[in-house]
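Residue-level structural notes
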Amino acid sequence: MRKLVILMTTAITTLSLSSYAQMKNTRQNVQIGIGKINGIVVDGNAKTIESATITLLKAKDSSVVKMSVADKTGKYEFDGVPEGRYIVSITAVGHEKGISGIIEINTANPSVSVKTIELVPLAKSITGVTVVAKKPLIEQKIDRTVVNVEASITNVGNSAMEVLEKSPGVTVDKDGNISLKGKQGVIIMIDGRPSYLSGPDLATMLRSMSASQLDQIEIMTNPPAKYDAAGNSGVINIKTKKNKQFGYNGSITSGYTQGKFPRFNESGNFNYRNNKVNLFTSLNYSSNDRSEDLFITRNFRESVTKNIVSIFQQHSAMRNESKFFSAKVGLDYSAGKNTTIGFVLNGYYNPSTWRSNTTTYIDEPDGTLRSQINGVTRNDEKWKNFSTNLNLRHVFDSTGQELTIDLDYVQYRSTSSQPLYSYYFDKFGVPNQTPDTLLGDLPQDISIYSGKMDYTKPLKKGAKFEAGIKSSYVKTDNNAVYDNVLNTREVLDSGRSNHFIYTENINAAYVNYSRPLGKKWSGQFGLRLENTNANGDSKGYTFNTQQNKFGPFNETFKRNYTQLFPTVYLQYSANKNNQFVINYGRRINRPDYGDLNPFIHFLDRYTFEQGNPDLKPQFSHNIELSHTYKGFLTTTLNYSITNDIIQQVIEQHETTNETFIKKANIATRNQVGISISAYKEITKWWSGNIYVNVANNRFKGVVNGDNISIGITGFMMQAQQQFKWGKGWAAEVSGFYRSKGLEGVIFIQPIVQANAGFSKQVLKNKASIRLNVKDIFAGSVFKGYSKYSNVDATFRNVNDNRAVSLSFTWRFNKGKLKASAGKKEGGATDEQERVKTGN
């Protein structure tokens, strides 16, 4: 019945508009009125609502005078309005009706701008009953894809990282590095603010965050100029829950997950709002215990003949136990009719213990055993984070002209204790060398300061002008001290110890202009300028061959550069069923702070990871052409070229049999791809979405002094099918498949995953119980190889991924749902993304 009403409303609106357009064309020279009425309609998040139905009514009897439809920016306008008193009525699917105050048109006041009307989503509290409007799992918008996290049952018990892994176009490798459409260098934002984390540290935080904390995930492959230019493949914004009701409301969630070891998560959210004040807070706790097995086979070859001289077969049994405590509190205060000020305080505490027991068998070229090594290591780590955001939003008038200001301070403090014990045996298992002990103490201090100001000015004929400035300052202080234990005494390991201090200042400014270019065309044009000033200071020890001992050294570098980053969007609406968008953007991906740090992280004596202070930023040009059919099927063609791409490489020292991983500017990458995304309500009880991406990646450059040219065409498919039936029951089946792919110089074998879940609404729809089984067939095993120059290695990484989760959520509220007046997003987006925390 509802679909029929919507179709009839759409048909009537279209006929009315058509009749009005024809009448206007036939009376071009006849003045039918003296006045003009315009305004903007937004939803509960102060975001514009496209295609809302606008009706102009006479105030005295509510008879219809004219009808219109809001454009993609939420703007509407009535021309030629006769003298009189009027009311504007606005309706949109999924929202309650909005009504303006009385508007009067006369010769003294011929033009009126209506105060912005906020439509309330169809969700309200009735005594004893909670009715909630159902959001679709996937929403496709002109500049982004939106994933509504709670719409998926199989997100129950998952972490934020696991939710990301199921999102359209997103892939996560064995180390937690996130890629979008096969390209690394994604910027991860949380509530519009930078995480300032990257690599394994970002992965640790996302794995510690529960899906119950999340509201939406916004995926932008080519963000506009308003966003930082950082992020080679785009921006992913993770939005946490925040309610918008007058009165009070909140939720409490408790979950249990059983993998190889048990895991727990609890979270609570509370919100109180009245006419002047909006107070919001959340508390979260999770306990994770995961196992991991890593198998590596390495063939060491002679540098000239390339003949195998030794074979290393290694098995690392690892276990990571961690706890995550986080808290957030914020307040918005309406200082006046058009001004809102606020603050947000965030913090978390993340202690963890990572253990690894590694057995390495060293074979002769013919495969016979030569010797054995056993390495036992652990990393006792504690991360503490505190961040604060002060914000101001001032709306100048009802047209939408506004100014926002954000000031951010973020602090990270960490301690890391990393002992490594090595035991050596001959081929018969008899000790043949004195065991040794290496002790590592690796503290990190990171301070980030950021400020930004954004201005928006709606113009005539649907145009909009935006401009802004931003400045950030980051300081990282990393002091790695390694000691060897000799005869029960700790002796400084000068060759491995290092004190690295890095500072970076980025200053940016942007302008953005959008407007309709005709009845079917619209455009958006942006330009961002970023000035970067970076300084690195590395203090350590180097071996003095003349004195035959280690001596102190101090190595510094400075990098200063200014770059322009243009963005262009063009949209063509051929008809109501077909829309086309073409966009272009230039992006930068700066090295992560941890990747610049020359620290060494050991798996065993022969396997470690090391930073690279010589890393340079990478630059990319991205272009996309997309077509959307009937609002549910989107097809996108994309091409990008990236210079000085930053990727993991494997290097070997044949003389010491050491293998280490580091980041390097290795090559130029060309990518061409096509993706298809579709979401459809097939029946009243069955809906589904599917995402398919095919991309060819080709790398060409120099690694370890050798020229390389490698490439591959990869295929990825993600699908989710949702079912619902009476009495609050629902179910979901989801999964993904990734074919053989290429990450820099490492080939990854195919991966498959299947999930299933059920949910039931209870306690008069005030609570829900959800059961989820993840990775039913245990197909998420990372396998791969890397063969180039003198490197010949294969690996298999088995994670504790298959698990069963059960959760219970209780929702409470007292009050009336009301749209929010503004945003609470800070300005320190790129900087937080580049911090590394965790294991």
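Residues numbered from 1 in each chain as written. Predicted model: local features only at pLDDT ≥ 70, side-chain atom pairs only at ≥ 80, totals over all residues. Heavy atoms only, no water.

Description of the overall build of the protein chain
Of regular secondary structure, the protein chain possesses five helices and 50 strands. Going through the 839 residues of the protein chain one by one, you find that 52% of them count as buried. The long-range share in the protein chain, meaning contacts at least 24 apart out of those at least 6 apart in sequence, stands at 68%. For the protein chain, the exposed surface amounts to about 37,000 Å²; the carbon and sulfur share of it is 58%. (Helix = DSSP H or I, 4+ residues; strand = E, 2+ residues; numbered from the N terminus. Buried < 20%, exposed > 50% of the residue type's maximum accessible area, 1.4 Å probe, protein only. Contact = heavy atoms within 4.5 Å. Areas by Shrake-Rupley, 256 points an atom, 1.4 Å probe, with all protein chains shown as cover.)

With respect to the environment of Lys66
Here Lys66 lies in strand E3 (residues 64-69). With a relative accessible area of 11%, Lys66 lands in the buried category. Lys66 sits 10 residues away from Leu56 along the chain, and the two C-alpha atoms are 5.2 Å apart. In this structure the side chain of Lys66 is engaged in a polar contact, spanning 2.3 Å, whose partner is the backbone oxygen of Asp79. (Polar contact = N/O pair within 3.5 Å; in protein donor to acceptor, adjacent residues only side chain to side chain.)

Examining the pattern of salt bridges
In this structure the tally under the stated criterion is 18 salt bridges. Between Glu402 and Arg393 there is a salt bridge, and its shortest N-O distance comes to 2.9 Å. A relative accessible area of 18% means that Glu402 is categorised as buried. Residue Arg413 pairs with Asp445 through a salt bridge whose shortest N-O separation is 3.6 Å. Taken together, the residues span a long stretch of sequence, with Arg413 in strand E27 (residues 402-426) and Asp445 in strand E29 (residues 444-458) at a distance of 32 residues. (Salt bridge = Lys/Arg side-chain N within 4 Å of Asp/Glu carboxyl O.)

Overview of the pairing of strand E23 (residues 277-301)
Where strand E22 (residues 262-273) meets E23, 10 bridges bridge the pair, whose relative direction is antiparallel. Residue pairing for E23: Asn271 is matched across the bridge by Phe280. With antiparallel pairing between neighbouring strands as the criterion, E22 and E23 make up a hairpin whose turn holds three residues. Pairing geometry for E23 and strand E24 (residues 308-334), over 25 bridges, is antiparallel. Across the sheet, residue Val277 finds its bridge partner in E24, namely Tyr333. Two successive antiparallel strands, E23 and E24, enclose a turn made up of six residues, where Lys306 displays a positive phi of approximately 65°. Bridging between E23 and strand E49 (residues 791-799) involves seven bridges; their strand directions are antiparallel. Within E49, the position partnered with Leu294 by the bridge is Asn797. (Pairing = 2+ DSSP bridges.)

Re the sheet that holds strand E14 (residues 170-172)
Strand order across the open sheet formed by three strands is E14-E15-E16, with antiparallel pairing between neighbours. Each edge of the open sheet is held by one strand with a lone partner, namely E14 and strand E16 (183-184). Looking at chain direction, E14 and strand E15 (residues 178-180) are connected through three bridges and run antiparallel. In the strand pairing of E15, Val170 is matched with Leu180.

A word on the layout of surface pockets
Over the atoms, a rolling probe the size of a water molecule traces out where space has been left empty. The space that makes up the second largest pocket amounts to roughly 270 Å³. Forming the boundary of the second largest pocket are 17 residues, of which Asn498, Ser538, Phe553, Pro598 and Gln610 lie nearest the centre. When residues of the lining of the second largest pocket are traced back to their parent elements, those giving at least two are strand E33 (521-544) and strand E34 (549-575). Looking at the lining of the second largest pocket residue by residue, the classes come out as five nonpolar, nine polar and three charged. (1 Å grid on protein atoms, 1.4 Å probe; cavity = no way out; pocket = protein on both sides within 12 Å on 5 of 7 lines; lining within 4 Å. Points joined across faces, edges and corners; volume = space filled by probe spheres on them. Nonpolar A, V, L, I, M, F, W, Y, C, P; charged D, E, K, R; others polar.)

Quick notes on the side chain of Thr358
Note on placement: Thr358 falls in strand E25 (residues 339-363). Accessibility expressed as a relative area gives 0% for Thr358, which makes it buried. Polar contacts involving the side chain of Thr358 include one to the side chain of Ser316, which spans 2.7 Å. Those residues in contact with Thr358, other than ones at most four positions away along the chain, are Gln314, His315, Ser316, Ile373, Asn374, Gly375, Leu603 and Asp604.

Brief notes about the packing of aromatic side chains
Considering all chains together, one arrives at 28 aromatic pairs under this definition. Put simply, the rings of Tyr248, Phe270, Trp810 and Phe812 pair up and form one aromatic cluster. Positioned above the aromatic ring of Tyr785 is the side chain of Lys787, whose terminal nitrogen or guanidinium carbon lies 5.9 Å from the ring centre. One Lys or Arg, Arg796, reaches over the ring of Phe295 and ends 4.4 Å from the middle of that ring. (Phe/Tyr/Trp six-rings, centres within 6.5 Å; stacked < 30°, edge-to-face > 60°. Lys NZ or Arg CZ within 6 Å of the ring centre and 35° of its normal.)

Brief notes about the environment of Thr257
Examined against the element boundaries, Thr257 turns out to sit in strand E21 (residues 247-258). Assessed through its relative accessible area of 4%, Thr257 is described here as buried. Here the alpha-carbon distance between Thr257 and Val773, two residues 516 residues apart in the chain, equals 9.4 Å. Within the structure, the side chain of Thr257 is placed 2.8 Å from the side chain of Ser805, a separation counted as a polar contact.

Observations concerning the nonpolar core
Residues Leu164, Ile178, Ile188, Leu206, Ile217, Ile236 and Ile238 are the most contacted members of the largest nonpolar core, which totals 43 residues. If one sorts the elements of this core by residue count, helix H2 (residues 160-165) sits on top with four residues. One finds Trp354, Ala664, Leu742 and Phe795 within the second-largest nonpolar core, a separate group that totals 26 residues. (Core = buried A, V, L, I, M, F, W, Y, C linked by side-chain atoms within 4.5 Å.)

Here we look at unusual backbone geometry
Peptide bonds are, in most cases, trans, and in most cases residues other than glycine have a negative phi. Positioned with a positive phi, Lys461 is a non-glycine residue whose angle comes to about 60°. Examined against the element boundaries, Lys461 turns out to sit in the loop between E29 and strand E30 (464-486).

Structural notes on the confidence of the model for the protein chain
Overall, the prediction assigns the protein chain a mean pLDDT of 83, with 85% of residues at 70 or greater. When pLDDT is averaged over each helix and strand of the protein chain, the minimum, 37, is found for strand E10 (residues 124-126) and the maximum, 95, for E25. Considering only residues more than four positions removed or in separate chains, one finds that residues 123-133, a stretch of pLDDT under 50, has 19 contacts. (pLDDT = per-residue confidence, 0-100.)

Notes on the pairing of strand E38 (residues 618-629)
Sheet topology places strand E35 (residues 578-589) next to E38; 12 bridges connect them, and they run antiparallel. Each bridged residue has a counterpart across the sheet, and for Gly585 the counterpart in E38 is Asn622. Across 11 bridges, E38 lies against strand E39 (residues 633-653) in antiparallel orientation. Residue pairing for E39: His627 is matched across the bridge by Thr635. Hairpin geometry of E38 and E39 is characterised by an intervening segment of three residues between the two adjacent antiparallel strands and by a positive phi of about 55° at Lys630.

Comments concerning the side chain of Arg263
Within the secondary structure, Arg263 sits in strand E22. Residues in contact with Arg263, not counting those within four places in the same chain, are Gly255, Tyr256, Thr257, Ser287, Asn288, Asp289, Arg290, Asp800 and Ala803.

Concerning the environment of Arg796
Following the sequence through the fold, Arg796 ends up in strand E49. With 481 residues separating them along the chain, Arg796 and His315 place their C-alpha atoms 9.6 Å apart. Sequence-distant contacts of Arg796, defined by excluding residues within four places in its chain, comprise Asp293, Leu294, Phe295, Val781, Phe782 and Lys783.

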